[in-house]
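Analysis of the macromolecular model
Chain residues, written in single-letter form:
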Amino acid sequence: MQLGMIGLGRMGANIVRRLLKDGHECIVYNRTPDKVKQLESEGAIGTTSVDNFVNRLTKPRVAWVMVPAGEATEQIVMELAQKMAPGDIIIDGGNSYYKDDVRRAKVLQNLGVNYVDVGTSGGVWGLERGYCLMIGGERRIVEHLDPIFQTIAPGRGDISRTPGREKLSSTAEDGYLHCGPNGAGHFVKMVHNGIEYALMQAYAEGFDIFRNANSPELSEAYRYDLNVADIAEVWRRGSVVGSWLLDLAAMALVENPTLSEYTGFVQDSGEGRWTIMAAIESAVPADVLSASLYTRFRSRQEHTFAEKLLSAMRYKFGGHIEQNARA
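What this report covers is the structure whose coordinates are included nearby. (Residues numbered from 1 in each chain as written. Predicted model: local features only at pLDDT ≥ 70, side-chain atom pairs only at ≥ 80, totals over all residues. Heavy atoms only, no water.)

Here's the deal with the overall build of the protein chain
Rules: Secondary structure elements are taken from DSSP: a helix is a run of H or I of four residues or more, a strand is a run of E of two residues or more, and numbering for both begins at the N terminus. Relative accessibility decides the category of a residue: with a 1.4 Å probe and only protein chains considered, values under 20% of the type maximum give buried, values over 50% give exposed, and everything between is partly exposed. Note on areas: Shrake-Rupley, 1.4 Å probe, and residue coverage restricted to the protein chains presented here. Residues counted as positive are Lys and Arg, residues counted as negative are Asp and Glu, and His and the chain ends are not counted. Where a charge lies is defined by one atom per residue type: Lys uses NZ, Arg uses CZ, Asp uses CG and Glu uses CD.
Within the protein chain one finds 14 helices and eight strands. Considered along the principal axes of its C-alpha atoms, the protein chain spans approximately 75 × 45 × 45 Å. Per-residue burial over the protein chain gives 39% buried out of 327 residues. Surface summary for the protein chain: the accessible area is close to 18,900 Å², and the carbon and sulfur share equals 55%. Here the protein chain holds 35 positive side-chain charges and 40 negative ones, and the gap between their average locations is 3 Å.

Thoughts on the nonpolar core
Heads up, the rule is: Put simply, a nonpolar core is a bunch of buried Ala, Val, Leu, Ile, Met, Phe, Trp, Tyr and Cys residues held in one set by side-chain atoms that sit within 4.5 Å of each other. The contact criterion used is simple: two residues touch if any of their non-hydrogen atoms lie within 4.5 Å.
Core analysis: the largest hydrophobic core is formed by 31 residues, its most contacted members being Trp-64 and Phe-149. The leading source of residues in this core is helix H1 (residues 10-21), at five residues. Not counting residues within four places of it along the chain, the set of residues in contact with Phe-149 comprises Trp-64, Val-118, Leu-133, Ile-135, Val-142 and Tyr-176.

A few points about the pairing of strand S5 (residues 89-92)
Rules: Two strands pair if DSSP finds at least two bridges between them. The path from the first strand over the helix to the second decides the hand: if it runs clockwise while the strands point away from the viewer, the crossover is right-handed.
Side chains of S5 alternate between two faces, with Ile-89 and Ile-91 and Ile-90 and Asp-92 buried alike. As defined by bridge partners, strand S4 (residues 62-65) adjoins S5 across four bridges and the pair is classed as parallel. Within S5, the position partnered with Trp-64 by the bridge is Ile-91. Read from S4 through helix H4 (residues 71-83) to S5, the crossover connection turns out right-handed.

Focus: the side chain of Asp-88
Which entries qualify depends on this criterion: What qualifies as a polar contact is a pair of N or O atoms within 3.5 Å, subject to a donor-acceptor requirement within protein and to the restriction that residues adjacent in sequence count only when both atoms come from side chains.
As for its placement among the helices and strands, Asp-88 is situated in the loop between H4 and S5. At a separation of 2.6 Å, a polar atom in the side chain of Asp-88 contacts the side chain of Arg-61. One polar contact links the side chain of Asp-88 to the main-chain amide nitrogen of Ala-85, over a distance of 2.8 Å. Those residues in contact with Asp-88, other than ones at most four positions away along the chain, are Lys-59, Pro-60, Arg-61, Val-113 and Asn-114.

Quick word on the packing of aromatic side chains
Note the threshold: Any two rings among Phe, Tyr and Trp, with Trp reduced to its six-membered ring, count as a pair given centres within 6.5 Å; such a pair is stacked if its planes are under 30 degrees apart, edge-to-face if over 60, and tilted if neither. We call a charge positioned above a ring when the Lys NZ or Arg CZ atom is no farther than 6 Å from the ring centre and deviates by at most 35 degrees from the ring normal.
Applying the stated criterion across every chain, the model contains eight aromatic pairs. Ring geometry for Phe-207 against Phe-210: centres 5.5 Å apart, planes inclined by 85°, an arrangement best described as edge-to-face. Of the two residues, Phe-207 and Phe-210 both sit in helix H9 (residues 184-211), three residues apart, roughly one turn of that helix. Pairwise contacts between aromatic rings join Tyr-97, Tyr-98, Phe-187 and Trp-274 into one cluster. Its end group placed over the ring of Trp-244, Arg-129 keeps NZ or CZ at 3.9 Å from the ring centre. The ring of Tyr-197 has Arg-296 lying over it, and the distance from NZ or CZ to the ring centre is 3.7 Å.

Focus on the pattern of salt bridges
So the rule is basically this: Definition used for salt bridges: Asp or Glu carboxyl oxygen within 4 Å of a side-chain nitrogen of Lys or Arg.
According to the stated counting rule, one finds 18 salt bridges in the structure shown. Measuring nitrogen to oxygen at the nearest pair gives 2.7 Å for the salt bridge that ties Glu-42 to Arg-17. Linking Glu-42 in the loop between helix H2 (33-40) and strand S3 (45-46) with Arg-17 in helix H1, this pair joins segments that are 25 residues apart in sequence. Classification of Glu-42 by relative accessible area gives partly exposed; the value is 34%. Close ionic contact of Arg-300 with Asp-268 constitutes a salt bridge, the shortest N to O distance being 2.5 Å. Taken together, the residues span a long stretch of sequence, with Arg-300 in the loop between helix H13 (287-299) and helix H14 (305-318) and Asp-268 in the loop between helix H11 (244-255) and helix H12 (271-281) at a distance of 32 residues. Here Asp-268 falls in the buried class, since its relative accessible area comes to 9%.

Re H4
The condition is simple: Expected span, for any helix, means 1.5 Å times one less than how many residues it has.
Relative to the 18 Å expected for 13 residues at 1.5 Å per residue, H4 spans 19 Å between its end C-alpha atoms, a close match to the ideal helical length. Where H4 is buried, its residues meet strand S1 (2-6), helix H3 (50-56), S4, S5, helix H5 (98-111) and strand S6 (114-121).

Structure below.
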């Protein structure tokens, strides 16, 4: 098939590379011309403006938008919608809020333009591993795009089949799934990222316990000088807590067991917040996911006011002096 890609960051550019390798034709545009030129050298067709981009696509046009969620996505989707024709398709492959997808789909429907939201997971490893795709939109349109999704997704690879799956028919085993109508793809990706926060937090806290297992505050009989890189490695092999996140943690720890090159400032990209909002709206308790999000907020502060007040109260009622208090 032919696909147009707007936004040639790491994920957008690597999606184009996977498509080119599989014989698809890719029309590309980015505000930074150097990124366009790089992909031109790899076989893509570069364009110099949004108008030029739209004109190079053949009807029914398929344009994939891979720019930061929020205003940037809103602007380019609406600009494309005004320039495209009935029957054309716009795909938002970023991390948009699912309620924005529902609203945009209705606006585009009035113009006769089809809208598909694709939650895309795979990060910087997606070029070689493929991207897990969670898709929302009209089934007829999603099925039309199947050759694109097949190429971008990982495929079955060497992962063993889930027992009982041989009786079922689904593209889920290939790494992509039509989750439902508009917004469903980004809704599933949103919760996926909320879970990711919690999994990462669980590993982080566990390894912090290991790192402090030889603390002088502990009785000498119960102190352990543990090799955290080796623990991560042994858990990768047969442990019930094995995962790709653990694989990545093991890589980081073997490179530098003290992680001294990191500040510990942890950003959140929005999906974690939206997941908690969705849980509140549907009255679903999400204690662990909420705590993992708040911990990311905490990581960006030297010390919170709450912690200072806790310390002050401990001092007032019991004379407890802060261990590292400064004059």
